[in-house]
Amino acid sequence: MNDKPNYKTWIRMNKLITIIIITLFFIIIALLPINIYIRIISAVFALPFLYMMVILSSSYYQFAPFGGNYQSKIHDLIVSNLKAQEKGKILDIGSGSGSLIIKLAKAFPNAAFIGIDYWGDNWEYSKKQCEENAKIEGVSDKIGFQKASASKLPFEDSLFDSAVSCLTFHEVKDEKDKVKIIKEALRVIKPGGSFVFLDLFMDNKIYGEYADLVKSVKELGVKEIDLIKLRDEMKLPFLLLHKRVLGNAMIVTGIK
Ligand SMILES: C[S@@+](CC[C@H](N)C(=O)[O-])C[C@H]1O[C@@H](n2cnc3c(N)ncnc32)[C@H](O)[C@@H]1O
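All of these numbers come straight from a predicted model, not from anything done at the bench.

Draft legend 1. Representation of the pairing of strand β5 (residues 189-199) within the structure. Counted residue by residue, β5 has eight buried out of 11 residues, so it is predominantly covered. Judged from the six bridges that link them, strand β4 (residues 160-166) and β5 form a sheet pairing that is parallel. Paired with S165 across the bridge in β5 is F197. For the segment spanning β4, helix α6 (residues 178-187) and β5, crossover handedness is right-handed. Of the pairings in the sheet, the one linking β5 to strand β7 (residues 250-255) comprises six bridges and is antiparallel in character. By the bridge assignment for β7, F197 is matched with V252.

Draft legend 2. Up close: the pattern of salt bridges. Using the criterion set out here, one finds 10 salt bridges in the structure. E171 is paired through a salt bridge with R12; the nearest N and O atoms lie 3.8 Å apart. Placement of the pair is E171 in the loop between β4 and α6 and R12 in the segment before α1 (13-31), with a sequence separation of 159 residues. Residue R187 pairs with D157 through a salt bridge whose shortest N-O separation is 2.7 Å. Of this pair, R187 sits in helix α6 while D157 sits in the loop between β3 (143-147) and β4; the two residues are 30 residues apart in sequence, bridging distant segments of the chain. Linked by salt bridges that have partners in common, R12, E171 and K173 make up one network.

Draft legend 3. Highlighting the site of the ligand. Residues in contact with the ligand amount to 20 residues; listed here are only the nearest, H75, G94, D117, A150 and C166. In the environment of the ligand, an oxygen atom lies 3.0 Å from a nitrogen or oxygen atom belonging to the side chain of W10. Backbone polar atom of G94 to a nitrogen atom of the ligand: 2.5 Å apart, as the coordinates give it. Considered on its own, the ligand offers 590 Å² of accessible surface; in the complex 97% of this is hidden by protein. Looking at the shell around the ligand residue by residue, the classes come out as 10 nonpolar, seven polar and three charged.

Draft legend 4. Region of interest: the domain arrangement of the protein chain. Domains assigned within the protein chain are domain 1 (13-63) and domain 2 (70-255). For domain 1 versus domain 2, the separation of C-alpha centres amounts to 34 Å. In this assembly, domain 1 packs against domain 2 so that about 850 Å² is buried in total across both faces, 60% of it on carbon and sulfur atoms. It is I55, Q62 and F63 that lose the most area in domain 1 upon contact with domain 2, and together they represent 64% of the buried surface on that side. Linking domain 1 to domain 2 there are zero salt bridges. Remark: the boundary between domain 1 and domain 2 carries four residue pairs in polar contact (both at pLDDT 80 or more). Every element with two or more residues in the side of domain 1 that touches domain 2 is listed here: α1 and α2 (36-63). Here the side of domain 1 that touches domain 2 gets seven residues from one element, more than from any other, and that element is α2. Classifying every residue of the side of domain 1 that touches domain 2 gives five nonpolar, four polar and no charged.

About the criteria used
- Residues numbered from 1 in each chain as written.
- Predicted model: local features only at pLDDT ≥ 70, side-chain atom pairs only at ≥ 80, totals over all residues.
- Heavy atoms only, no water.
- Buried < 20%, exposed > 50% of the residue type's maximum accessible area, 1.4 Å probe, protein only.
- Helix = DSSP H or I, 4+ residues; strand = E, 2+ residues; numbered from the N terminus.
- Pairing = 2+ DSSP bridges.
- Right-handed = clockwise from strand over helix to strand, strands pointing away.
- Salt bridge = Lys/Arg side-chain N within 4 Å of Asp/Glu carboxyl O.
- Near = heavy atom within 4 Å.
- Polar contact = N/O pair within 3.5 Å; in protein donor to acceptor, adjacent residues only side chain to side chain.
- Areas by Shrake-Rupley, 256 points an atom, 1.4 Å probe, with all protein chains shown as cover.
- Nonpolar A, V, L, I, M, F, W, Y, C, P; charged D, E, K, R; others polar.
- Domains from an automatic or database assignment.
- Buried area = accessible area lost by both parts, 1.4 Å probe.

Written as C-alpha cells, this is what we have:
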C-alpha cells in the first residue's frame, strides 16, 4: 500500500488523453506536405478538439494538488459550510476517491461517516481507493464506504444528522429528474439536520430553469435553505469559470 493518499481529479485522465491524441492526429495531418484540401479539413477538425484539450488540461492543472489545488479548496469550502453535530452521523453522496469525506472525518473527529458512490466504469475512482485513502489518512475506523446509487439510497428515512454531496447529482444516470435526487438526499436526513450540496445547479440543461429549480427545492419542506453561486464564494481562475466546468456550480445548503 502507498504511504500517500491518491485523490483523482474531477477530470477523467482517459478522456483527456483521448482528446490530446485526436488533436495531435489532426494537427500532424494539417502540417504534412500533402494535398492542401486535406490539410485544411484536418486543421478545421483539429479546432474543436484543441479547444476541449485546452479547457480540460487547464482544469486538470487547476484541480490537481501540484496546480491550483481547487478540488481540495472546494472540498474545504463544503466542510466549512457544514453545520454538523459533534457526534453526528454524516453521509457523503458520491464519494469519488474519498477526499471530501476524509476531510470531514478529520474536521469532525467524533462523528461517524458513510460514503456511497456508484463507482461506475466510466470513472477512475473506486471503493478500494477510498478505503486505502482513509487508512493512509488515519480515519478508516470512522468511515464506511458502500456501493449505491444516489437515486435510491439504501437507508431508512432520517438516519443521518447531515449529508454532503459534491458534483455528483448531475452525473446520476438512473434518474432524469434531478430534483428527485435532491429529495432522496433530504429523505435520509433527520428533521433539524444539515446539508451542503454542490453541483451544477445553474445548468438549465440538467436542472431546468433556475427559478423553477429554486422554487422546487424550497418546496421540499426544509426549514432553512441558502443557494450560493460558487464563484461568489470563491475566486476561481478564468478557465474554471467555463460553463462546462464550474461556471454553473452552486452550493445549496441549509437545515431540514
Ligand atoms: C465529479 S465526481 C465527484 C466525486 C466526489 N464527490 C468529489 O468531489 O471528489 C462524480 C462522482 O459521481 C459518482 N456517481 C455517478 N453516478 C452516481 C450514482 N448514480 N450514484 C452515486 N454516485 C454516482 C461517480 O462515480 C463519481 O465518483
